[in-house]
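Structural description and commentary
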Amino acid sequence: MGGVQKKQPSEFAAEIIQGSARALVAASVERMFAKDPSLPVRWGSGAFQKWVSELHARVDQLISAARLHRPAVFVANTDWARRAYAARNVEEKDLALGLMCLAEVLEEELPAPAADALRPYFKGALAHFGTPLEDEPSPLDRCGEYTDLAVRYLTRLLEGKREVASRLILDAVASGVPVDRIYLQVLGPVQDEIGRLWLAGEVHVGEEHYCTASTMHVMSQLYPVIAAAPKREGRTVLAASVEGNAHEIGIRMISDFFELAGWRSIYLGTSIPADDLVQTMIDFEVDVVCLSAMLTVHLDVVGDTINAVRAEPKTADIPVIVGGKAFLLDTELWKDLGADGSERHPVDTVDLAEKLVTRGRARL
Ligand code: B12
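Residues numbered from 1 in each chain as written. Predicted model: local features only at pLDDT ≥ 70, side-chain atom pairs only at ≥ 80, totals over all residues.

Some details on the site of the ligand
Lining the immediate environment of the ligand, one finds 36 residues, of which G195, I249, G250, S292 and G323 sit closest. The greatest single-element share of the shell around the ligand, amounting to 9 residues, is contributed by helix α10 (residues 179-199). Each of two domains, domain 2 (139-227) and domain 3 (236-363), supplies a minimum of three residues to the shell around the ligand. (Near = placed C-beta within 6 Å. Helix = DSSP H or I, 4+ residues; strand = E, 2+ residues; numbered from the N terminus. Domains from an automatic or database assignment.)

A few points about the environment of T147
Position of T147 among the secondary structure elements: in helix α8 (residues 147-158). Judged by the 15 C-beta atoms lying within 10 Å of it, T147 is partly exposed. In this structure, the C-alpha to C-alpha distance between T147 and Y210, residues 63 residues apart in sequence, is 21 Å. (Buried ≥ 20, exposed ≤ 12 C-beta atoms within 10 Å, placed from the backbone.)

Let's talk about the sheet that holds strand β3 (residues 288-292)
Within a beta sheet, neighbouring strands are joined by backbone hydrogen bonds and run either parallel or antiparallel to one another. Sheet architecture is open: 5 strands sit in the order β2-β1-β3-β4-β5, paired in parallel fashion. Only two strands of the sheet have a single neighbouring strand rather than two, namely β2 (264-272) and β5 (341-342). (Pairing = 2+ DSSP bridges.)

Side note on the pairing of β3
Of all 5 residues making up β3, 5 are buried, and the element is well covered by its neighbours. Residues of β3 alternate between two faces, with V288, C290 and S292 on one and V289 and L291 on the opposite face, all of them buried. Judged from the 5 bridges that link them, strand β1 (residues 236-242) and β3 form a sheet pairing that is parallel. Along β3, the bridge assignment pairs A239 with C290. Sheet analysis places β3 next to strand β4 (residues 320-323), joined by 4 bridges and oriented parallel. Across the sheet, C290 pairs through a bridge with I321, a residue of β4. Running through helix α14 (residues 299-311), the crossover from β3 to the neighbouring parallel element β4 is right-handed. (Right-handed = clockwise from strand over helix to strand, strands pointing away.)

Regarding the domain arrangement of the chain
Here the chain is partitioned into domain 1 (9-127), domain 2 (139-227) and domain 3 (236-363). A straight line from the C-alpha centre of domain 1 to that of domain 3 covers 32 Å. Counting residues at the interface gives 11 residues for domain 1 and 8 residues for domain 3. Elements with a minimum of two residues in the side of domain 1 that touches domain 3: α4 (47-67) and α5 (71-87). For the side of domain 1 that touches domain 3, the leading source of residues is α4, giving 5 residues. In the side of domain 1 that touches domain 3, the residues fall into 5 nonpolar, 3 polar and 3 charged. (Contact = placed C-beta atoms within 7 Å. Nonpolar A, V, L, I, M, F, W, Y, C, P; charged D, E, K, R; others polar.)

Quick notes on unusual backbone geometry
Despite not being glycine, H69 has its phi angle at roughly 45°, a positive value. Note on H69: 19 C-beta atoms within 10 Å, which makes it partly exposed. Phi is positive for E285, close to 50°, though the residue is something other than glycine. You can see E285 is positioned in the loop between α13 (274-283) and β3. C-beta crowding within 10 Å serves as the criterion here: with 13 such atoms nearby, E285 is assigned to the partly exposed category.

In structure tokens:
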């Protein structure tokens, strides 16, 4: 992983688990079913396979947290899983049992230093079970003076009226609402609200896909306004979601903020393999790269991607800025991954890129 000089025991644990995940998960699920014989009855046909998939997801999250040697990342992922269970009226005690069985199997199978290193991960995650889940604030709280517009946009979408919804946004822009406000106080919060509603079991995947596709459609219609910003020489950014990250709206907004500030943007969308990213950097002579990660399992891909950029002499000195929701859990994560900086706000991201380009990466 980028920037990490010495391997820590949790990283060794992650390596071992990665190599034998299939067997470790199967042993954990067998143990679960032995401890609670009511599981196959309560979970119906395919119960064993369902738990294999569930524990595989938890193991992937454990691996990514352990690579970063951050128990808090695993705890946050488990809290998210508890929330998903609660919304679907599934008893969380089954998830707790799954994690306990996984912890026991790892204690038995891993060498002592690796097993010791993982103990805080499970202790932290299991400590939250049985405590009430806090209400999540609505992302629409971020809309401020545009709350009414955001609510109307979301409502029209949930009614299946894309044309009316996009008209609301285009009319607002035509009447003088700046595109950056529309992005940060309408479209972004609405997308996050859809995610909150999905997790709470209040909208289904079809509704989320419809809203997301509609939002991307609206963004495309706003592009002529964005592209009209006067361009400056010597300012090219490449913006992409790392390989495996299927989320594109956030990084597309970042790309558009750069264009609004006069940069040329090479926007690549989702899931760019590291080697192709490096080649694109060379071909388009980019000055700065922005990489986006949404889930914590995308974080080590960010590290690997930065390593690939540094390994190629033609791109080794090009600054890399990272961001996206995966970075919100820990403000120091970007340093461990070898990035040159991370920001939350798109305007601050453009400012950081300016500094990195004018002063050079090493001097900030
Ligand atoms: C739309 C969506 C999808 C779509 C994406 C389609 C597309 N074309 O983009 C699809 C259906 C593919 C999808 C898939 C999945 N998703 Co999804 N998705 C969302 C949703 C509802 C909206 C995302 C969005 O557009 N947000 C709006 C943008 C503007 O916000 P943003 O990306 O955070 O970007 C802002 C900042 O973070 C920042 N930023 C972003 N990138 C960068 C980069 C840099 C360099 C910088 C400086 C800043 C920066 O700037 C942006 C503007 O402010 C979110 C909900 C949410 N709360 O995010 C869930 C959400 C992210 N998804 C989630 C999950 C679980 C998944 C899946 C695992 C579901 C599944 N079981 O398959 C998969 C994983 C796919 C993968 N491999 O990546 C969870 C993640 C939970 C977690 N913390 O682990 C969320 C939070 C939903 C939820 N409430 O649980 N998803």
